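# Results of the structural survey
Next come the chains, spelled out residue by residue.
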Amino acid sequence: MAKGFSQGQQRRVQQAVPSNPLAIKTKKFALEKNKFIGLNMMQLIKNQWYWGFVPLALILINAGLNISKVYPNYWIYVITVLGAILYIAFWAIQFTGVTQLEQYKQLFQKYRYEIDSRQILMKISDTEGGVIKWDMIKTARKDKDAYVLDMGSYQFIYLPFTVFSNDNDKKLMDRILKDKGFITAE
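So, here is what we can say about the structure in this document.

About the thresholds
- Residues numbered from 1 in each chain as written.
- Predicted model: local features only at pLDDT ≥ 70, side-chain atom pairs only at ≥ 80, totals over all residues.
- Heavy atoms only, no water.
- Patch = residues over 30% accessible without salt bridge, like charges linked within 9 Å, V, L, I, M, F, W, Y side chains within 5 Å.
- Areas by Shrake-Rupley, 256 points an atom, 1.4 Å probe, with all protein chains shown as cover.
- Salt bridge = Lys/Arg side-chain N within 4 Å of Asp/Glu carboxyl O.
- Helix = DSSP H or I, 4+ residues; strand = E, 2+ residues; numbered from the N terminus.
- Buried < 20%, exposed > 50% of the residue type's maximum accessible area, 1.4 Å probe, protein only.
- Phe/Tyr/Trp six-rings, centres within 6.5 Å; stacked < 30°, edge-to-face > 60°.
- Lys NZ or Arg CZ within 6 Å of the ring centre and 35° of its normal.

### Comments concerning a nonpolar patch on the surface
Taken together, Met42, Ile45, Trp49, Tyr50, Trp51, Phe53, Val54, Leu56, Leu58 and Leu60 make up a surface patch of nonpolar side chains, about 1100 Å² in accessible area. Among the elements of the structure, helix H1 (33–48) and helix H2 (53–67) are those that each provide at least two residues to the nonpolar patch. The leading source of residues in the nonpolar patch is H2, at 5 residues. Mapped onto the elements of the fold, methionine 42 is located in helix H1. On the basis of relative accessibility, which here comes to 54%, the residue methionine 42 falls in the exposed class.

If you want it as structure tokens, here you go:
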């Protein structure tokens, strides 16, 4: 019996998911809600940083108008800063709301990952899990304490180093990501 994951990108199956004996096998891990919100806010800033020039330009134009006494006003400073803060708050509320919705609770369940060069298996148990093919991964990066595999806008797999059993598993993960062209040699 198949159950759909969000946006139909992966399938959850209720049968034995085949396991590769040479795959990287992680410990069970659940993504924390605060980490989800933080990573999404960082992705938002990374993707939309250039919009920060709009309030900056408005403030500079208004400063020029105030100095030349063509149109002296101070309300534009308050409105511009307030608008920027409200925009960031809007997205923070959106990402926080995702953590509270029933339909997204699967994002925060404990999964055990089995990673090889063909696919990533996300397993809830030995009989229930999902398959993610590497072609679904758009980008990947190695942060100071985790691997982050981006699957699209605000969808990712977060694998902290603590879920790996040993250093060899991390080295193998590095090798797979290098072979796939996601990270470069250090």
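Next comes the rest of the account.
### Brief notes about the packing of aromatic side chains
Here the structure, examined in full by the defined rule, presents 15 aromatic pairs. Arranged with centres 5.3 Å apart and planes meeting at 90°, the rings of phenylalanine 36 and phenylalanine 108 form a pair that is edge-to-face. Highlighted residues: phenylalanine 36 in helix H1 and phenylalanine 108 in the loop between helix H3 (75–100) and strand E4 (112–115), separated in sequence by 72 residues. Residue phenylalanine 108 is classed as buried on the basis of its relative accessible area of 13%. Through a chain of ring-to-ring contacts, three or more aromatic side chains come together here, namely Trp49, Tyr50, Trp51 and Phe53. The aromatic ring of phenylalanine 108 is capped on one face by lysine 33, whose charged end is 5.8 Å from the ring centroid.

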